[in-house]
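Single-letter residue listing:
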Amino acid sequence: MTAFRFPAAPLDDRSLVMALVDDGVLAQDVAERYLTQPKASRTARTHSSTGATALPHPLESLAQAELTDLKSQRVLTLDRLTAWLAERAGLPLFHIDPLKINAGDVSEVMSFPFAQRHSILAVEVSDSEVTIATHEPFVESWKDNLRHVLRKDIRVVVASPADIKRFTIEFYKLASSVQAFSRTRNKTGAAVSTGNLEQLLEVGSLASADANDQHIVSIVDWLLQYAFEQRASDIHIEPRRKLGHVRFRIDGVLHPVYEMPIQVNVAVVSRLKILGRLNVAEKRKPQDGRIKTKNPGGKEIELRLSTLPTAFGEKLVMRIFDPDVLLRSFSELGLSQDELQRWRQMIAQPNGIILVTGPTGSGKTTTLYSSLKSLATEEVNVCTIEDPIEMVEPAFNQIQVQAQVDLDFATGVKALLRQDPDIIMIGEIRDLETAEMAIQAALTGHLVLSTLHTNDAPGTITRLLELGIAPYLVKATVLGVMAQRLVRTLCPECKRPATLDPADWKALVSPWKADMPTKTFEAEGCLECRFTGFRGRAGVYELMLMSEGVRNHIKDHTDIDALRLQAMREGMKTLRLSGANKIAQGLTTPGEVLRVTPSTGVC
């Protein structure tokens with residue numbers, strides 16, 4: 001039986017420390033030293049997004065002291081202290097993941113002053129029950145009142161005081177902006193023209209949404225800052241019949257973030273189109289633009305905007321380009337020593353064509369930019385033709401494709417050849433004309449890097465032949481091909497040893513007799529990885545050098561399987577075999593590699 005019992009009152013330093021001593025977490029002398037510290041040493045905190053300053057919760061003060069747990073000999077962080085408090089109170093521990101909470105729903109459960117006064121926040125809402133997070137588990141005076149108003153069961157959970165303070169402000173601020181804008185629209189009786197095919201026309205009330213409304217400005221600012229914080233690579237703003245949906249792509253997987261009224265959705269898209277210097281009035285055809293801004297750390301970030309007219313209105317996707325992601329060292333790309341040696345051998349050639357292949361979002365741009373950056377010395381002229389320019393890099397001379405003035409890839413390469421280039425990067429080879437210009441550039445002494453959309457490296461050869469390039473020109477110009485994919489890497493905080501299923505290993509390395517690793521890992525999920533088990537991504541690669549043996553297989557009717565086998569005999573590792581090496585290193589799982597890599601029939 002525990003000797004110390006918390007009073008039915010807000011936590012204070014003394015009662016908190018006494019309970020920790022009673023549970024054997026803190027030593028008595030350590031607790032006494034902490035309590036005799038002057039109060040001024042426990043500094044107030046400033047909220048990062050609002051600038052508001054408030055006294056820290058006793059749990060936060062204790063976490064700042066970085067005391068050691070007697071039992072585990074680990075530092076008592078805020079998360080560990082919160083978990084201890086939940087166990088002490090006999091309540092579930094809850095981690096507030098904003099990606100899984102509908103801010104509009106939870107803000108309607110109670111008013112903002114009520115939530116702040118009682119240090120509580122609704123985190124889940126169903127037809128029969130509301131889950132309330134608190135960092136004061138021994139205060140229950142609010143419970144009966146809220147149950148009476150809501151007429152629902154109340155489930156209480158314990159959450160970090162820092163999270164409750166922060167997300168109470170952010171959720172209510174966001175919901176307030178959405179509601180305020182919606183009220184303004186309703187008061188004026190204006191219906192927004194969204195391009196929805198099923199829209200009911202209200203005659204005489206086709207006023208457009210005000211994208212410069214302060215509430216919309218606040219929503220857009222929150223959306224961008226939140227995406228940067230969550231390490232999102234893309235933001236999807238999608239119209240539906242009655243609501244607009246916002247989703248973030250994080251580590252290659254889309255996560256629902258927020259739902260908003262359709263008129264707010266239209267205004268948000270209009271605001272972003274203004275920032276991206278797009279034609280706000282044009283909703284019938286796709287448009288592309290870009291925004292340059294800063295993340296919370298003050299680093300410059302570029303966003304590429306793409307709009308698309310859909311059945312329910314205009315969809316907007318923003319791709320986030322972080323310079324730290326686009327420009328990486330070769331070691332950060334995840335290339336093995338053998339792969340790195342083969343890649344360096346390819347890009348060190350004075351002339352010829354190097355192709356990088358893979359689907360959208362497989363890291364091709366990062367590979368090309370990183371390679372070009374390593375080649376762009378004062379002695380060489382590096383020129384690129386892109387659609388669009390992914391990131392402005394001062395070391396390159398970059399041209400953007402502009403269809404309205406008939407500047408396409410082929411025309412751009414033709415112009416670049418008169419600019420005395422040493423190295424040319426073509427964003428993508430899409431047609432015969434562009435392929436022929438790339439061939440011509442390679443034959444006239446230039447190193448050309450470009451991309452193609454094929455499943456694997458050998459498939460790139462057949463793709464060039466299908467475009468209409470003669471086999472002898474492919475043999476004469478192509479130096480090599482690299483296919484790549486991105487696999488999610490295991491979270492370092494929660495990964496643990498696991499047993500590898502022999503069937504999974506066979507699917508990855510067959511028919512090559514690679515020994516199963518003696519030690520592999522899996523991850524159960526934690527706060528750091530949002531309970532997904534994965535955090536970050538790494539590349540898996542398939543490098544095919546254009547050797548004499550490979551060239552001999554390039555004919556008018558190329559046997560792709562024979563070509564692939566020849567390349568593998570000469571050292572090419574397939575995407576799955578490269579992924580198997582990542583598994584053996586404890587970086588990812590068989591399921592993840594099998595998910596993103598194609599089966600070629602021979603491996």
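Source: prediction; values computed, not measured. (Residues numbered from 1 in each chain as written. Predicted model: local features only at pLDDT ≥ 70, side-chain atom pairs only at ≥ 80, totals over all residues. Heavy atoms only, no water.)

## Some thoughts on the overall build of the protein
Line of reasoning, step 1. If you tally the helices and strands in the protein, you get 23 helices and 20 strands.
Line of reasoning, step 2. In the protein, the proportion of contacts linking residues at least 24 apart, taken out of those at least 6 apart, comes to 64%.
Line of reasoning, step 3. If you sum the accessible surface of the protein, you get close to 28,500 Å²; carbon and sulfur atoms cover 50% of it. (Helix = DSSP H or I, 4+ residues; strand = E, 2+ residues; numbered from the N terminus. Contact = heavy atoms within 4.5 Å. Areas by Shrake-Rupley, 256 points an atom, 1.4 Å probe, with all protein chains shown as cover.)

## Re empty space enclosed by the protein
Line of reasoning, step 1. Using the criterion set out here, one finds four cavities of 30 Å³ or more in the structure.
Line of reasoning, step 2. A volume near 70 Å³ is recorded for the largest cavity.
Line of reasoning, step 3. Taken together, Arg231, Ile250, Asp251, Val253, His255, Arg488, Cys529, Arg530, Thr532 and Phe534 form the lining of the largest cavity.
Line of reasoning, step 4. A breakdown of the residues in the lining of the largest cavity according to their chemical character gives four nonpolar, two polar and four charged. (1 Å grid on protein atoms, 1.4 Å probe; cavity = no way out; pocket = protein on both sides within 12 Å on 5 of 7 lines; lining within 4 Å. Points joined across faces, edges and corners; volume = space filled by probe spheres on them. Nonpolar A, V, L, I, M, F, W, Y, C, P; charged D, E, K, R; others polar.)

## Some points on the packing of helix α17 (residues 457-467) against helix α21 (residues 560-569)
Line of reasoning, step 1. Direction vectors running N to C along α17 and α21 enclose 140°, while the axes themselves pass 9 Å from each other. Comparing their axes, α21 and α17 come out oblique. Handedness of the α17/α21 crossing: right-handed. Between α17 and α21, the residues in contact are Pro458, Gly459, Ile461 and Thr462 and Ile560, Leu563 and Arg564, respectively.
Line of reasoning, step 2. For the contact of α17 with α21, the per-class residue count stands at four nonpolar, two polar and one charged. (Axes fitted to C-alpha atoms, helices over the stretch in contact; angles between N-to-C directions. Parallel < 35°, antiparallel > 145°, perpendicular 65-115°, else oblique. Left-handed = near helix turned anticlockwise from the far one by under 90°.)

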